[in-house]
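As a plain string of letters, each chain reads:
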Amino acid sequence: MKSLLEARNVTRIFGSGLLHKGRTVAVDGVSLIISEDKPSITAIAGESGSGKTTLARLLLGMIQPTSGSILYRGDSLTAMDGRARKKFRREVQAIFQDPYEAYNPVYKVDQTLSTPVRKFRLAHSKEEAHQRIAESLRMAGLRPEETLGRYPHQLSGGQRQRIMVARALLLNPRVILADEPVSMVDASLRATILESLVRLKRELGISLIYITHDLTTAYQASQNIYILYRGSVAEVGSVEKVIKDPKHPYTRLLVSSVPLPDPDIRWGGESAIEARASAPSAPLQEVRGCKFSNRCPYVMAECRQAPPPLYRTDDDRAVACYLHKNSAPVGGREMAESLALA
Amino acid sequence: MVRDRAQDRDACVLDVRDLRVSYHTAAGPVRAVNGVSFFLRPAERLGLVGESGSGKTTTALSLMRLLQESAVIEGGEVLLDGVDLLRLSQEAMRLARFARISLIPQGAMNSLNPMMKVGEQLRDTIRAHRNGGNSRVTFDTRIQEVLQSVDLYAGVMDRYPHELSGGMKQRVCIAMAILLNPKVIIADEPTSALDVVVQRQVMETLRRVQEALGASVILVGHDMGLMAQFVDRIGVMYGGKLVEVGPVRGIFKDPLHPYTQLLIKSLPNLQTKEDFRGIPGLTPSLLAPPPGCMFHPRCPQAMQRCSVDVPALAEVKPDRWVACHLYDRGQA
């Protein structure tokens, strides 16, 4: 298997300062692989503070890892020459949650779409450029005549988001990294946007990294999922295993908290976990052992000693929790590789 | 048998009749709420759902008379225990807010004053409704009681908002909303900025205090999962109108309006994969609304009269209200 995009044991620490005060380990030894051979959709899920957005920015080369490396087609992003970097910039596209900051408020949104067409020479004439732009807008669920010629502030958050989707489609990328692409979009349109992203995988072979806090859409869209908790992978594997039958106490808490759109399936499950998690949460201090240990109802002495490694409970799933220490430990990279291969 | 509507209305806490609200924009007036009528039973939780631009937030804010300056309430009645809030003087309305009808606003955590300690903000709320006489001590007793009921420790009173987590700030907003025992609490997407675990805890707190208080709640939002878990009845809005109102189970299991049917089908679940069913077409432009039913350009079951006549919201089965020509007498 060749890896297209890979995070190899990546750690990112923010704000060191004297005596390591205010030091935050945003991403802590995460490995992730997107295969070049087979298009896939990989979800990275977690709550705020899980490090999912930092991981996204690392994967895009927007920030550098403190240790470990990000590789595109086998080359480290930091060691790339200009040509390889341009290729990376075209082939790896991003969609963010609220793209308002991606727009220049004094230019019409047309510029957001025409700049990549020009920069990457996607069209040979003005008409062709306009046609490509109009087509990608329609694919994202927008009427070109109601979108073009407007300023960013004249559009709704949902419309601005769909323009960013249209912009990514315009470039025919290999990988789209989508950070909460539908969280600000209405339910009826959410399905339409996710469907168009899934179709990109099926029909154009584009791989997707779907970063979200929403386990339902993660389950629907992706094959594999990485559950992050305070920067570390808590559980990783196929969505069938991780979401349908979660093993890490944190994943179980997350899954049982999802409000399902069905009045017959009540919020339920893990009352012990709820009781503990309802207690005022401890400040985000650094925990020596498992980061979830101060919230976990199953906490044991060893949990407070050292962070647990990943234990491979199934072929297609590993859990970073001592409750599963009877399974064989597995390296993050090895696990990522075997998931990308599957 | 269709239940007598008048009977139902007599028993209700809040009765909204033919509410119409427009925004004045550079491109012309936008009819954001176009003849919305619904009622709220005592101690019930009603969900108001719809896409952005459907008018759900405008409806909610109209009930409190807290609209932006560009908005004009053009007509209708908002009867709270028989008194029309739209006809109260500014001062009478100010006194009614919090005391009889309160709001947990969208992004409520940012609605707290960053320069003021939480306790002082809560005291202000009480002070604004009492003409002296009450000492700080009695205020604080009530405040502590309310903070406890939303699972906050009393020490929160001496904190500034930035010292609290998002979930805690949200609980402060709930505390403020119930401080004066209102009959109706409007919660506008109260947890949209929170993580799922905290969201569930906050919603369960809200449910608990609402039940203890016997207040009615209007939950405004677009998260159908949250609606399924929290409310008793749902009102579905589309293009400034209510298109369907019914018990939560009926809306999810047997939706009547074609829009509601498509909306329910579009929801992701944990049973199927890669099965996305968005609603084809786009939300209507409120500047140039289509004639007839607002949904007819997107409706798979549209008939000729749908593009001509505006369907009225009518009770077609007990407690099931729908605005759709499919259910016109003799057709359903």
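Keep in mind it's a predicted model, so treat the numbers as computed, not measured.

This part covers the overall build of chain A. Helix and strand content of chain A: twelve helices and 13 strands. Scaling as 2.2 N^0.38, a compact globule of 342 residues should have a C-alpha radius of gyration of about 20 Å, and chain A matches this with 21 Å. Reported as C-alpha extents along the three principal axes, the dimensions of chain A are approximately 70 × 50 × 45 Å. Here chain A, with 342 residues, has 49% of them falling under the buried criterion. Pairs at least 24 apart in sequence give 63% of the contacts found in chain A among residues at least 6 apart.

Right, let's talk about the overall build of chain B for a bit. On a plain count of helices and strands, chain B comes out with ten helices and twelve strands. The C-alpha atoms of chain B give 21 Å as radius of gyration, which agrees with the globular expectation for 332 residues (20 Å, within 12%). Taken along its principal axes, the extent of the C-alpha atoms in chain B is 65 × 50 × 45 Å. Within chain B, the fraction of its 332 residues that count as buried is 47%. Within chain B, residue pairs in contact and separated by at least 24 positions form 64% of the contacts whose partners lie at least 6 positions apart.

Moving on, we get to the packing of helix α3 (residues 110-119) of chain A against helix α4 (residues 126-139) of chain A. Residues and elements named next belong to chain A. One can describe the packing of α3 onto α4 by two numbers: an axis separation of 10 Å at closest approach and a directional angle of 125 degrees. On the basis of the axis angle, α3 is oblique to α4. Note that α3 runs across α4; the crossing there is right-handed. Each of Leu113, Ser114 and Val117 in α3 lies in contact with α4, whose residues at this interface are Ala129, Arg132 and Ile133. Residues that form the contact of α3 with α4 fall into these classes: four nonpolar, one polar and one charged.

Attention shifts here to the sheet that holds strand β5 (residues 83-84) of chain B. Residue and element names in this part refer to chain B. Overall, antiparallel pairing links the four strands, which are arranged β2-β1-β4-β5 in an open sheet. Only two strands of the sheet have a single partner each, and these edge strands are β2 (28-40) and β5. Where strand β4 (residues 71-80) meets β5, two bridges bridge the pair, whose relative direction is antiparallel. Paired with Leu79 across the bridge in β5 is Asp84.

All names here are of chain B. Relative to strand β12 (residues 320-322), strand β11 (residues 314-317) runs antiparallel, the two sharing three bridges. By the bridge assignment for β12, Ala314 is matched with Val322. The loop that links β11 with its antiparallel partner β12 comprises two residues; one of these, Asp319, has a positive phi angle of about 65 degrees.

This paragraph deals with the environment of Leu179(B). The topology assignment puts Leu179(B) in the loop between α6 (166-178) and β7 (184-188). Considering only alpha carbons, one finds Leu179(B) and Ser102(B), 77 residues apart in sequence, at a separation of 9.5 Å.

What follows concerns the interface of chain B and chain A. Listed by partner, the interface residues are 32 residues for chain B and 36 residues for chain A. Those elements that place two or more of their residues in the side of chain B that touches chain A are α7 (196-213), α8 (224-230), α9 (248-253) and α10 (258-266) of chain B. Looking at the side of chain B that touches chain A, the element that brings in the most residues is α8(B), giving five residues. Considering only residue class, the side of chain B that touches chain A consists of 15 nonpolar, nine polar and eight charged.

Residues and elements named next belong to chain B. Helix α5 (residues 136-149) packs onto helix α4 (residues 118-127) with a crossing angle of 110 degrees between their chain directions and a minimal axis gap of 10 Å. The angle between α4 and α5 places the two elements in the roughly perpendicular class. Contact residues: Gly119, Leu122, Arg123 and Ile126 in α4; Arg136, Phe139, Arg142 and Ile143 in α5. Here the contact of α4 with α5 is composed, by residue class, of four nonpolar, one polar and three charged.

What follows concerns unusual backbone geometry. All names here are of chain B. Phi angles above zero are rare outside glycine, and Ala43 is one such case at about 60 degrees. Take Ala43: there are 15 C-beta atoms within 10 Å of it, and that puts it in the partly exposed class. The phi torsion at Phe98 lies on the positive side, around 75 degrees, for a residue other than glycine. The residue Phe98 is located in the loop between α3 (90-96) and β6 (101-104) in this model.

So, about the pairing of strand β2 (residues 24-35) of chain A. Residue and element names in this part refer to chain A. Judged by how many residues are buried, β2 sits mostly within the fold: nine of twelve residues are covered. Pairing geometry for strand β1 (residues 3-14) and β2, over eight bridges, is antiparallel. Note that in β2 the partner of Arg12 across the bridge is Val27.

So, about the sheet that holds β1(A). Residues and elements named next belong to chain A. The strand order across the open sheet built from four strands is β2-β1-β4-β5, with neighbouring strands paired in antiparallel fashion. Edge positions in the sheet fall to β2 and β5 (75-76), since each has one partner strand and no second. In this sheet, strand β4 (residues 67-72) lies alongside β1 in antiparallel orientation, the contact comprising five bridges. Within β4, the position partnered with Glu6 by the bridge is Leu71. The strands that helix α12 (residues 332-341) touches are β1 and β2; relative to β2, the one it contacts most, it runs at about 35 degrees.

Residue and element names in this part refer to chain A. The predicted model of chain A averages 86 in pLDDT, with 90% of residues at 70 or higher. Per-element confidence in chain A ranges from a low mean pLDDT of 41 for helix α11 (residues 271-278) to a high of 98 for strand β12 (residues 317-319). Ignoring residues within four places in sequence, the model shows residues 270-284, a span with pLDDT below 50, making 17 contacts including any to other chains.

Before going further, it helps to spend a moment on the confidence of the model for chain B. Reading predicted coordinates in detail is not appropriate for stretches of low pLDDT. Confidence in the prediction of chain B, expressed as mean pLDDT, is 89, and 94% of residues score 70 or more. In the predicted assembly, ipTM is 0.82 and pTM is 0.86.

All names here are of chain A. Considering the arrangement of structural elements, one finds Ser256 in helix α10 (residues 249-257). We classify Ser256 as partly exposed; it has 18 C-beta atoms within 10 Å. When the C-alpha positions of Ser256 and Lys244 are compared, they lie 11 Å apart, and in sequence the two are twelve residues distant.

Rules behind the numbers
- Residues numbered from 1 in each chain as written.
- Chains lettered and ligands numbered in written order.
- Predicted model: local features only at pLDDT ≥ 70, side-chain atom pairs only at ≥ 80, totals over all residues.
- Helix = DSSP H or I, 4+ residues; strand = E, 2+ residues; numbered from the N terminus.
- Rg over C-alpha atoms; globule rule 2.2 N^0.38 Å.
- Buried ≥ 20, exposed ≤ 12 C-beta atoms within 10 Å, placed from the backbone.
- Contact = placed C-beta atoms within 7 Å.
- Axes fitted to C-alpha atoms, helices over the stretch in contact; angles between N-to-C directions.
- Parallel < 35°, antiparallel > 145°, perpendicular 65-115°, else oblique.
- Left-handed = near helix turned anticlockwise from the far one by under 90°.
- Nonpolar A, V, L, I, M, F, W, Y, C, P; charged D, E, K, R; others polar.
- Pairing = 2+ DSSP bridges.
- pLDDT = per-residue confidence, 0-100.

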